[in-house]
Amino acid sequence: MTELVLRQASIAWRTVRSVDGVWILVALIPVLVAVLDPDGLTDFVTFAVGALLNTLPYITLAVLLIGGLKATGAEGIAAAAFQGRETRMIVMAALVGGLAPFCSCEVIPFIAALLAAGAPLSAVMAFWLSSPLMDPPQFFITIEALGVEYAVSKVIAAVAIGLLGGFTMKMLMARGAFANPLRADFAKAGGCCSATTGCGAPKTEPEAPVWRFWQEPERIGKFRDAALENALFLLKWMSLAYLLESTLVHYVPADFIGSIVGGEGVLPIIVGALVGAPAYLNGYAAPALVDGLMEQGMSPGAAMSFMIAGAVSSIPAMAAVFALVRRPVFGMYVALGIGGAIASGLLFSAILPML
């Protein structure tokens, strides 16, 4: 009998562990509100559900776009950014990173392959910094939550931060810094980029995209799988985002938010970046959360720095850098990301009144 109970407990524990933590939070937050504020539950849930329904057209468009890119194989075009002269590679890598539909999880194996193939660390850093900041789904979600000005400005910031990181690394490596940037275990596995030996472009050519993917059953399957996977992913994070926004609007005093990241000047923008960085903010959840913070008094510049710093320091992006490169390179990634977030917030704050 005891053995049967232990076996059932073990099965139940494995089942709990297999459930995504984000979905657990999505279910737990309304339960907590029901317990702590039963009279406010209806307004709380209505706000979150209404916001999610308003975002569904943008989620649908993003899901179809990602499914089409997966099915056609158009993602392979990104590899062309890492061919040719180093300066060209940095520029192309920043552009591709800021515009391509790579989520943080997809970036990890892609970057590992590039480093192993000998792509310059400068170009990889440009891609590394820009890729978590913006992609098509984030663009559409940001438009819905914050407006076109924020979405376009964040795209520009993503590319600019990528360029800043890439050319900074190129300059430092030319002076002898980061001579052995890769971790020892990864370098032994095939990474070959260093300041002394130089780096070559990846040796493999990307396959040509097949645009009429609906003519091949296998590609139709890829479209279906990618669309379903990303629909669930976006719904998960957007559900959490709007529950957090509802929490901010209903339970966090506006005076408190305004006292920390409100008002004009440099300090709120710096604080926004420093608060956003350790928050490990998911790029899809960020716009809704920032919308709630702005309703409570966050300044536009602080909102921008908060979003960018949180995306750069997201757990998948940070884990990728930490796993593949040595600590000094990891430190440069963090410094460039947070510095770029502060600079973007300052520029956005100055430019927004003219838009």
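Here, every reference points to the structure presented above.
First, a word on what this report is: a plain description of the structure on this page. (Residues numbered from 1 in each chain as written. Predicted model: local features only at pLDDT ≥ 70, side-chain atom pairs only at ≥ 80, totals over all residues. Heavy atoms only, no water.)

## Quick look at the overall build of the chain
- Counting secondary structure elements, the chain contains 16 helices and 0 strands.
- Buried residues in the chain amount to 47% of all 355 residues.
- Here the analysis covers contacts within the chain between residues at least 6 apart in sequence; of these, 81% occur between residues at least 24 apart. (Helix = DSSP H or I, 4+ residues; strand = E, 2+ residues; numbered from the N terminus. Buried < 20%, exposed > 50% of the residue type's maximum accessible area, 1.4 Å probe, protein only. Contact = heavy atoms within 4.5 Å.)

## Brief notes about the pattern of salt bridges
- Under the defined criterion, the tally for this structure stands at 2 salt bridges.
- Where Arg219 meets Glu216, a salt bridge forms, and the shortest distance between an N and an O atom there is 3.1 Å.
- Given a relative accessible area of 15%, Arg219 falls into the buried group.
- By relative accessible area, Glu216 is classed as partly exposed at 34%. (Salt bridge = Lys/Arg side-chain N within 4 Å of Asp/Glu carboxyl O.)

## A closer look at the packing of aromatic side chains
- The final tally for this structure, using the stated rule, is 6 aromatic pairs.
- Ring plane angle 20 degrees and centroid distance 5.3 Å describe the contact between Phe213 and Phe223, whose orientation is recorded as stacked. Of this pair, Phe213 sits in the loop between α9 (184–188) and α10 (217–251) while Phe223 sits in helix α10; the two residues are 10 residues apart in sequence, bridging distant segments of the chain.
- Using a relative accessible area of 23% as the deciding quantity, one classes Phe223 as partly exposed.
- Among the aromatic residues, those joined into a cluster by ring pairs are Phe213, Trp214 and Phe223. (Phe/Tyr/Trp six-rings, centres within 6.5 Å; stacked < 30°, edge-to-face > 60°.)

## Comments concerning helix α16 (residues 327–351)
- The first and last C-alpha atoms of α16 sit 36 Å apart over 25 residues, in line with the 36 Å expected at 1.5 Å per residue.
- What α16 keeps buried is the set Val329, Phe330, Met332, Tyr333, Leu336, Gly337, Gly340, Ala341, Ile342, Ser344, Gly345 and Phe348. (Expected span 1.5 Å × (residues − 1).)

## Examining a nonpolar patch on the surface
- A grouping of Ile24, Leu25, Leu28, Val31, Leu32, Val35 and Leu36 is seen on the molecular surface, where their side chains present a nonpolar patch of about 650 Å² in accessible area.
- Note that Val31 resides in helix α2 (residues 21–36).
- With a relative accessible area of 46%, Val31 lands in the partly exposed category. (Patch = residues over 30% accessible without salt bridge, like charges linked within 9 Å, V, L, I, M, F, W, Y side chains within 5 Å. Areas by Shrake-Rupley, 256 points an atom, 1.4 Å probe, with all protein chains shown as cover.)

## Some points on the nonpolar core
- Ranked by size, the top nonpolar core spans 45 residues in total, and within it Leu129, Leu133, Tyr150, Met169, Met307, Ile308 and Val329 carry the most contacts.
- Those elements that provide at least two residues to this core are α6 (121–130), α7 (136–146), α8 (148–174), α12 (266–276), α13 (286–295), α14 (300–312) and α16.
- Among the elements that line this core, the one with the most residues is α14, at 9 residues.
- When neighbours within four sequence positions are excluded, Val329 is seen to be in contact with Leu121, Met125, Met169, Phe178 and Pro181.
- Membership of the second largest hydrophobic core comes to 24 residues, among which are Leu52, Ala62, Leu234 and Met238. (Core = buried A, V, L, I, M, F, W, Y, C linked by side-chain atoms within 4.5 Å.)

## Some thoughts on the side chain of Ser305
- Mapped onto the fold, Ser305 is located in helix α14.
- One polar contact links the side chain of Ser305 to the main-chain amide nitrogen of Ala273, over a distance of 3.4 Å.
- If we skip the residues at most four places from it in the chain, Ser305 touches Ile269, Gly272, Ala273, Ala341, Ile342 and Gly345. (Polar contact = N/O pair within 3.5 Å; in protein donor to acceptor, adjacent residues only side chain to side chain.)

## Remarks on the environment of Thr42
- Turning to its location among the elements, Thr42 is positioned in helix α3 (residues 41–72).
- The spacing of Thr42 and Pro30 is 12 residues in sequence and 9.7 Å in space, taken between C-alpha atoms.

## Some details on the environment of Ala285
- Take Ala285: it is sitting in the loop between α12 and α13.
- Sequence spacing of Ala285 and Lys236 is 49 residues, and the spatial spacing of their C-alpha atoms is 9.3 Å.
- When neighbours within four sequence positions are excluded, Ala285 is seen to be in contact with Trp237 and Ala241.

## Comments concerning α6
- Buried residues dominate α6, accounting for 10 of its 10 residues.
- Looking only at α6, the buried set comprises Leu121, Ser122, Ala123, Val124, Met125, Ala126, Phe127, Trp128, Leu129 and Ser130.

## Section: the side chain of Thr142
- When you line up the elements, Thr142 lands in helix α7.
- By relative accessible area, Thr142 is classed as buried at 0%.
- Residues in contact with Thr142, not counting those within four places in the same chain, are Met134, Gly147, Tyr150, Ala151 and Pro287.

## Concerning the packing of α7 against α13
- Interaxial distance between α7 and α13 falls to 9 Å at its minimum, and their mutual angle equals 20 degrees. Classified by the interaxial angle, the pair formed by α7 and α13 is roughly parallel. The hand of the α7/α13 crossing is right-handed. Taken together, the residues of α13 that come into contact with α7 (itself represented by Ile141, Thr142, Ala145 and Leu146) are Pro287, Ala288, Val290, Asp291 and Met294. (Axes fitted to C-alpha atoms, helices over the stretch in contact; angles between N-to-C directions. Parallel < 35°, antiparallel > 145°, perpendicular 65-115°, else oblique. Left-handed = near helix turned anticlockwise from the far one by under 90°.)

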